[in-house]
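Okay, here's what each chain looks like letter by letter:
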Amino acid sequence: MAKRTHRSAQVENSRVRALMPEAMVWDPLGGTASSCGRDVDDQRRDRSYIRRIRPHSDNQSLLMDAVETRNLVLALGPAGTGKTYIAVAKAVEALESGSVGRIILSRPAVEAGESLGFLPGAMEDKLAPYLRPLYDALNDRLGAKKLRQMLADGTIEIAPVAYMRGRTLNNSFIVIDEAQNCTYGQIKMMLTRLGWNSTMVLTGDPDQTDLLPGLSGLRDIASRLESLEDVSVIRLRESDIVRHPLVASMLTVI
């Protein structure tokens, strides 16, 4: 009886085939990982599971480091270099880590070369088309439900530049987007809103302003602040563009 049981066990064991080596487990990213998970590429895990952002170029890396170490950062560069997305992502990280108590996002309500006329609805409805890119970036990082909750309780505030005068922004992460559409006076006003325990990031492309020639103050402000030790001015290039490769090609000729 014992011999028969032993023989049956051998037959059953001979029919069992491991799909993967004993020490390995399935990796959803297409590679292999140890059973304890220590051999998995941390950068790949971060991107897929923890929703942290990674720089795709040296200048993006400089921008991310500057945001983490400076209270005032100016990110200048062409469209598609990730300026706004990195700034918003870093703002969300700072909020979730408890480094700041709220996020304030602002951008000028300037049309891109055409007049939309009088828009229907309340003030929020009228401003929504101008602030849509900020909503999109926040929604990508937080999700729609959490974003609605934070907007409702004031943890996240999105407002046009025109409504910022007279405020002192303490314990906040402030992102001023499309700063190339601000005059020198508007940017100066925004910079002087910076309060204690706050970080401010200005993003924009000085070569793509929708203001009349000579009105944009971003380039002048950046050149003046670049000499200050505690201010970082990061200049991104066409090589940092993360959109379709044609965007970088077109910007070299138009």
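Our subject is the structure that appears above.
Residues numbered from 1 in each chain as written. Predicted model: local features only at pLDDT ≥ 70, side-chain atom pairs only at ≥ 80, totals over all residues. Heavy atoms only, no water.

Before going further, it helps to examine the pairing of strand β7 (residues 199-204). Every other side chain in a regular strand lies on the same face of the sheet, so the side chains alternate between the two faces. For β7, a buried count of six out of six residues is recorded, marking the element as mostly surrounded by other parts of the structure. Bridge analysis of strand β3 (residues 72-76) against β7 gives five bridges, and the strand direction is parallel. Looking across to β7, one finds that valine 73 is bridged to valine 201. With four bridges connecting them, strand β6 (residues 172-176) and β7 associate as parallel partners. In the strand pairing of β7, valine 175 is matched with valine 201. Read as a crossover between parallel neighbours, the route from β6 over helix α7 (residues 184-191) to β7 is right-handed. (Buried < 20%, exposed > 50% of the residue type's maximum accessible area, 1.4 Å probe, protein only. Helix = DSSP H or I, 4+ residues; strand = E, 2+ residues; numbered from the N terminus. Pairing = 2+ DSSP bridges. Right-handed = clockwise from strand over helix to strand, strands pointing away.)

A separate point is the layout of surface pockets. Considering only enclosed or pocket space, the second largest pocket measures out at about 290 Å³ in volume. By residue class, the composition of the lining of the second largest pocket is six nonpolar, two polar and six charged. (1 Å grid on protein atoms, 1.4 Å probe; cavity = no way out; pocket = protein on both sides within 12 Å on 5 of 7 lines; lining within 4 Å. Points joined across faces, edges and corners; volume = space filled by probe spheres on them. Nonpolar A, V, L, I, M, F, W, Y, C, P; charged D, E, K, R; others polar.)

Once that is clear, we can look at the environment of alanine 109. Summarising the element assignment, alanine 109 is placed in the loop between β4 (102-107) and α5 (123-142). The class for alanine 109 is partly exposed, based on a relative accessible area of 40%. Residues alanine 109 and alanine 162, spaced 53 residues apart in sequence, show a C-alpha to C-alpha distance of 8.3 Å.

With that settled, consider the pattern of salt bridges. In total, this model carries ten salt bridges according to the counting rule given. In this structure, glutamate 96 and lysine 146 form a salt bridge, with 3.4 Å as the shortest nitrogen-oxygen distance. With glutamate 96 in helix α4 (residues 83-97) and lysine 146 in helix α6 (residues 144-153), the pair connects residues that are 50 residues apart, well separated along the chain. Among the residues examined, lysine 146 registers a relative accessible area of 33% and is labelled partly exposed. Here arginine 219 ties to aspartate 207 by a salt bridge, and the two come within 2.8 Å at their closest N and O atoms. (Salt bridge = Lys/Arg side-chain N within 4 Å of Asp/Glu carboxyl O.)

Once that is clear, we can look at the pairing of β6. In terms of burial, β6 is a largely internal element, five of the five residues being buried. Going residue by residue along β6, you find Ser172, Ile174 and Ile176 tucked away on one face and Phe173 and Val175 tucked away on the opposite face as well. Two strands pair when backbone bridges link them, and β4 and β6 are joined in this way by five bridges, in the parallel orientation. Within β6, the residue paired with leucine 105 across the bridge is valine 175.

Tracing the backbone shows arginine 141 in helix α5. This buried residue, arginine 141, is left without a salt bridge; aspartate 140 holds the nearest opposite charge, at 4.7 Å. Within the local environment of arginine 141, its side chain forms a polar contact with the side chain of tyrosine 85, the two groups lying 3.2 Å apart. (Lys, Arg positive; Asp, Glu negative; His and termini not counted. Polar contact = N/O pair within 3.5 Å; in protein donor to acceptor, adjacent residues only side chain to side chain.)

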